[in-house]
2 protein chains.
Amino acid sequence: MSILQRDLKDTRKLSRILSLVENRQKGYTEILKECFLLSGKSKVVGITGPPGAGKSTLTSTLIGHLRKEGACVAVLAIDPSSSFSGGAILGDRIRMLNHSLDTKVYIRSAATRGAMGGLCPAASDMITVLDAAGFDYILVETVGVGQDEIDVVRETDTVLLVLVPGLGDDIQALKAGIMEIADIFVVNKSDREGSNKLVNEIEYILSLSQSKKEWNPPVLKTVASKNEGINELIFEIKKHLNFLESTSLLAEKRKTRAALKLRRLLLEGLENRIRNGPLKSEEERKLMEAFLRKEKDPYSVAEEIVESVILEELQ
Amino acid sequence: MSILQRDLKDTRKLSRILSLVENRQKGYTEILKECFLLSGKSKVVGITGPPGAGKSTLTSTLIGHLRKEGACVAVLAIDPSSSFSGGAILGDRIRMLNHSLDTKVYIRSAATRGAMGGLCPAASDMITVLDAAGFDYILVETVGVGQDEIDVVRETDTVLLVLVPGLGDDIQALKAGIMEIADIFVVNKSDREGSNKLVNEIEYILSLSQSKKEWNPPVLKTVASKNEGINELIFEIKKHLNFLESTSLLAEKRKTRAALKLRRLLLEGLENRIRNGPLKSEEERKLMEAFLRKEKDPYSVAEEIVESVILEELQ
């Protein structure tokens, strides 16, 4: 057992390691290299859906049930970085605190955005760390269903899309990106009026899309706050995970995940180089003068440079 | 006058050109190259602030006043890409429609996000197109104050930060990114209770930051819906624009803008290459297998590749 492996078992040290990875502090790549090789055992469940769907309550309830089975559970909550949505999330985290004293449960949040507006690889890397730490389940909860969140849940094994009655119109908006990646549909707060209507809407939309053949996403009704429908949900989650393992799909998913990770890391690496100034400062100064005098245009220059970049340097 | 220049004067063709640029359709770089060389005459005013601050009403009122002076005005509304905020924006656009029959006013919206989650250069390029089209003023209105929006307004000449009483706590959140880039603070809906308190808060925070010396951002009170304080606002906007021209700051701003543009274009170009698969498919397939078998890790591979990239190829 390496030092890192031992540290990953210590909650306080795990937190420090995750922060180091999230903030891209010195030495984080070395840690991630080892974590990646240790990873691949956790069952990673993505929980997404519009704000107000009750994802945190559902997550909290799932933790409870999985803990009863003796499983170690980590939660990674993906928070959007907009400075105008901090409050709600904090509230959600606090609601989860009833688990926070249980050492077999680890709850952590991560931002979704990179410094330059690019997709931040940190979330995906934090999953790798939690996986290496040996949690049986990693629940990845996203707060919105923006592209960032979709990209993160795309890297989980089983994706729950949590909806609530009364968002009817949004189903159409949802159809676009997220419907396709959902493995299980959860109609939460199903004691509300309109839940059957919503179930029918979802099933109708599903009946239209021929995309998923081997797995037909079930549509479940839950009332997370009252613990209703959670056993059925856990049953379906396990059913889907077994389905993935019984087919070649799990390996496929993991390959795609690695491919996404590599692309994101490449983008981050290049982003950093660009943020730190793609050109020698003297050269850049000259260019900016030329732009100002309209002797050159940035579009032609960017084309030149991108053309000159070679991305196939693997021996 | 080139064909493009003539087309830019035709609202319908202008819309088509903007869509072509926004969607990165075939030939868009050629258009942008010419537009960049034609650009640099418009006064570009950024209007940002939290949702509900009344930015659209304010923008609409500004249009009215500027039109009275006979100025041609273009509005570029930056919409966040989250699938859960379409409604509000549509509403804002509709509120602006009272100008939409005026051919000297052009209103257009643009998304802020690139396909891979990266910053989308389209917004900044659309400003270049509108500039080339010869509008006297380009009002760039953002819907939120996320990083994307901050990056876009950073590319305007004069930045208005619009706030409303009753967001007190958020001032602290705002301080982080946006306070620094605001040239004029607008306390809108100032007939509401707490507007003086807000003005004082802003002035207090400004008194702490020594960053801006040559220009001390004024704090104005408006009630856009009642047309109150708009003359003063226009006066301050012009005062700031004159200040920029009278100093070397305008040239500096434009240089920085060109530098940002170049970096963003580089990022976009590299992003596309990465999205389309950074490696030969055969090579990638092998890599993914190696990742799956834990023979290699994506972190080391990404490092290798980024290292091998040369970004200084300008002859």
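Quick summary incoming for the structure in this document. Predicted model only: the values in this text are computed from it and were never measured. (Residues numbered from 1 in each chain as written. Chains lettered and ligands numbered in written order. Predicted model: local features only at pLDDT ≥ 70, side-chain atom pairs only at ≥ 80, totals over all residues. Heavy atoms only, no water.)

Focus: the overall build of chain A
Spelled out, the test is: Put simply, DSSP marks the helices as runs of H or I at least four residues long and the strands as runs of E at least two long, and each gets a number from the N terminus on. Between buried and exposed lies partly exposed: a residue is buried under 20% and exposed over 50% of the maximum accessible area for its type, with that area taken using a 1.4 Å probe on protein chains only. Contacts between residues were defined by any pair of non-hydrogen atoms, one from each residue, lying within 4.5 Å. Areas reported as accessible are Shrake-Rupley estimates using a 1.4 Å probe. Residue values count occlusion only from the protein chains shown.
Counting its secondary structure elements, chain A contains 13 helices and 7 strands. Within the span of chain A, comprising 315 residues, buried residues form 57% of the whole. Intrachain contacts of chain A at a sequence separation of at least 6 include 78% that bridge at least 24 residues. Accessible area of chain A: about 13,400 Å², with a carbon and sulfur share of 53%.

As for the packing of helix α2 (residues 11–22) of chain A against helix α3 (residues 28–38) of chain A
All names here are of chain A. Cut-off, in case you're wondering: Between the N-to-C directions of two axes lies an angle of 0 to 180 degrees, each axis being a line fitted to C-alpha atoms and, for a helix, fitted only over the stretch in contact. To sort the angles, those under 35 degrees are grouped as roughly parallel, those over 145 as roughly antiparallel, those from 65 to 115 as roughly perpendicular, and the leftovers as oblique. The hand of a helix crossing depends on one turn: near helix anticlockwise from the far one by less than a right angle means left-handed, and clockwise means right-handed. When residues are sorted by character, Ala, Val, Leu, Ile, Met, Phe, Trp, Tyr, Cys and Pro go into the nonpolar class, Asp, Glu, Lys and Arg into the charged class, and all the rest, Gly among them, into the polar class.
Contact geometry of α2 with α3 gives a least axis separation of 9 Å together with a crossing angle of 115°. Overall, the two elements α2 and α3 adopt an arrangement that is roughly perpendicular. Helix-helix and strand crossings are classified by hand; for α2 and α3 the assignment is left-handed. In this structure, α2 uses I17, L20 and V21 to contact α3, whose residues at the interface are Y28, I31 and L32. By residue class, the composition of the contact of α2 with α3 is 6 nonpolar, no polar and no charged.

Topic: helix α13 (residues 298–308) of chain B
Basically, it comes down to this: For the purposes of these results, a polar contact is taken to be a pair of N or O atoms within 3.5 Å, where, inside protein, one atom must be able to donate a hydrogen and its partner to accept one; residues adjacent in sequence count only when each atom of the pair is a side-chain atom.
Residues P298, Y299, V301, A302, I305, V306 and S308 of chain B constitute the buried set of α13 of chain B. For α13 of chain B, the side-chain oxygen to backbone nitrogen distance between the N-cap and Y299 of chain B is 2.9 Å, and the N-cap itself is D297 of chain B.

A word on the side chain of S42 of chain A
Residues and elements named next belong to chain A. As for its placement among the helices and strands, S42 is situated in the loop between α3 and β1 (43–48). A polar contact of 3.2 Å, which involves the side chain of S42, links it to the side chain of D131. Beyond its immediate chain neighbours, meaning those up to four positions away, S42 contacts L130, D131, F135, D136, I138, D157 and R254.

Concerning the nonpolar core
Taken as a class, soluble globular proteins show a tendency for nonpolar side chains to be buried jointly. Heads up, the condition is: Only buried residues count toward a nonpolar core, which is a set of Ala, Val, Leu, Ile, Met, Phe, Trp, Tyr and Cys residues joined through side-chain atoms within 4.5 Å.
Among the nonpolar cores identified, the biggest contains 94 residues, and L8 of chain A together with L8 of chain B are the most heavily contacted of them. Once residues lying within four places of it in the same chain are set aside, the contact partners of L8 of chain A are L14, I17, C35, L38, V129, A132 and A133 of chain A.

Remarks on the pairing of strand β5 (residues 158–163) of chain B
Residue and element names in this part refer to chain B. Cut-off, in case you're wondering: Paired strands, as defined in this entry, are two strands with at least two bridges between them according to DSSP.
In terms of burial, β5 is a largely internal element, 6 of the 6 residues being buried. Burial along β5 is two-sided: T158, L160 and V162 and V159, L161 and L163, pointing in opposite directions, are all buried. Sheet topology note: the strand β1 (residues 43–48)/β5 ladder contains 4 bridges and is parallel. Within the sheet, the bridge partner assigned to T48 lies in β5 and is L161.

A short note on the pattern of salt bridges
It is possible for side chains bearing opposite charge to pair when their charged atoms get close. To keep things clear, this is the line we draw: Any carboxyl oxygen of Asp or Glu within 4 Å of a side-chain nitrogen of Lys or Arg constitutes a salt bridge here.
In total, this model carries 36 salt bridges over all chains according to the counting rule given. A salt bridge links K255 of chain B to E252 of chain B; the shortest N-O distance between them is 3.5 Å. Placement of both K255 of chain B and E252 of chain B in helix α11 (residues 249–275) is noted, with a separation of 3 residues, approximately one turn of the helix. With relative accessibility at 17%, the residue K255 of chain B sits in the buried group. Within the structure, one salt-bridge network assembled from shared partners comprises E252 and K255 of chain A together with E289, R293 and E295 of chain B.

Focus: unusual backbone geometry
All names here are of chain A. In this structure, K189 takes a positive phi of about 50° despite not being glycine. Summarising the element assignment, K189 is placed in the loop between β6 (184–187) and α9 (195–208). Of note in the backbone geometry, K294 takes a positive phi value of approximately 60° without being a glycine. The residue K294 is located in the loop between α12 (281–292) and α13 (298–308) in this model. The exposure class assigned to K294 is partly exposed, which follows from its relative accessible area of 28%.

Observations regarding the pairing of β1 of chain A
Residue and element names in this part refer to chain A. Of all the 6 residues making up β1, 5 are buried; the element is thus mostly covered by neighbouring parts of the structure. Pairing of β1 with strand β4 (residues 137–142), which is carried by 5 bridges, proceeds in the parallel orientation. Along β4, the bridge assignment pairs V45 with L139.

Some thoughts on the packing of aromatic side chains
Our working definition: Two rings belonging to Phe, Tyr or Trp (six-membered ring only in the last case) form a pair when the distance between their centres is within 6.5 Å. Interplanar angles under 30 degrees mark stacking, angles over 60 mark edge-to-face geometry, and anything in between is tilted. Only when the NZ atom of a Lys or the CZ atom of an Arg is both within 6 Å of the ring centre and within 35 degrees of the ring normal do we say a charge sits over the ring.
Within this structure, the stated rule accounts for 6 aromatic pairs over all chains. Judged by centre distance (6.4 Å) and plane angle (35°), the rings of Y106 of chain B and F135 of chain B are tilted. Residue Y106 of chain B is found in strand β3 (residues 105–111), and its partner F135 of chain B is found in the loop between α6 (122–132) and β4 (137–142); the two are separated by 29 residues along the sequence. What makes Y106 of chain B buried here is its relative accessible area of 6%. When its relative accessible area of 10% is taken as the criterion, F135 of chain B is described as buried. Sitting over the face of the ring of Y137 of chain A, K43 of chain A holds its NZ or CZ atom 6.0 Å from the ring centroid. Of note, K294 of chain A hangs over the ring of F36 of chain B, and the distance from its end group to the ring centre comes to 4.1 Å.

Comments concerning the packing of α6 of chain B against α11 of chain B
All names here are of chain B. The N-to-C vectors of α6 and α11 enclose an angle of 130°; their axes lie 10 Å apart at closest approach. Taken together, the axes of α6 and α11 are oblique relative to one another. Of the two possible hands of crossing, α6 and α11 adopt the one that is left-handed. For the pair formed by α6 and α11, the contact residues are S124, D125 and T128 on the first element and K261, R264 and L265 on the second. Residue composition of the contact of α6 with α11, grouped by class: 1 nonpolar, 2 polar and 3 charged.

Description of the side chain of T156 of chain B
Residue and element names in this part refer to chain B. Examined against the element boundaries, T156 turns out to sit in the loop between α7 (147–153) and β5. Since its relative accessible area comes to 0%, T156 is described here as buried. A polar atom in the side chain of T156 sits 3.5 Å from the backbone nitrogen of G46.

Overview of helix α4 (residues 55–68) of chain B
All names here are of chain B. Operational definition: Here the expected length of a helix is defined as 1.5 Å per residue gap, with one fewer gap than residues.
With 14 residues, α4 extends 20 Å from end C-alpha to end C-alpha; this agrees with the ideal 20 Å at 1.5 Å per step. A large share of α4 lies buried, amounting to 11 of its 14 residues. Among the residues making up α4, those that are buried are K55, S56, L58, T59, S60, T61, L62, I63, G64, H65 and L66. Among the residues trailing α4, G70 stands out with phi positive, at a value near 85°.

Focus on the environment of L18 of chain A
Residue and element names in this part refer to chain A. Inspection of the secondary structure assignment puts L18 in helix α2. Residue L18 is classed as buried on the basis of its relative accessible area of 0%. Residues within four places of L18 in sequence aside, it is in contact with Y106, R108, M126, V129 and L130.

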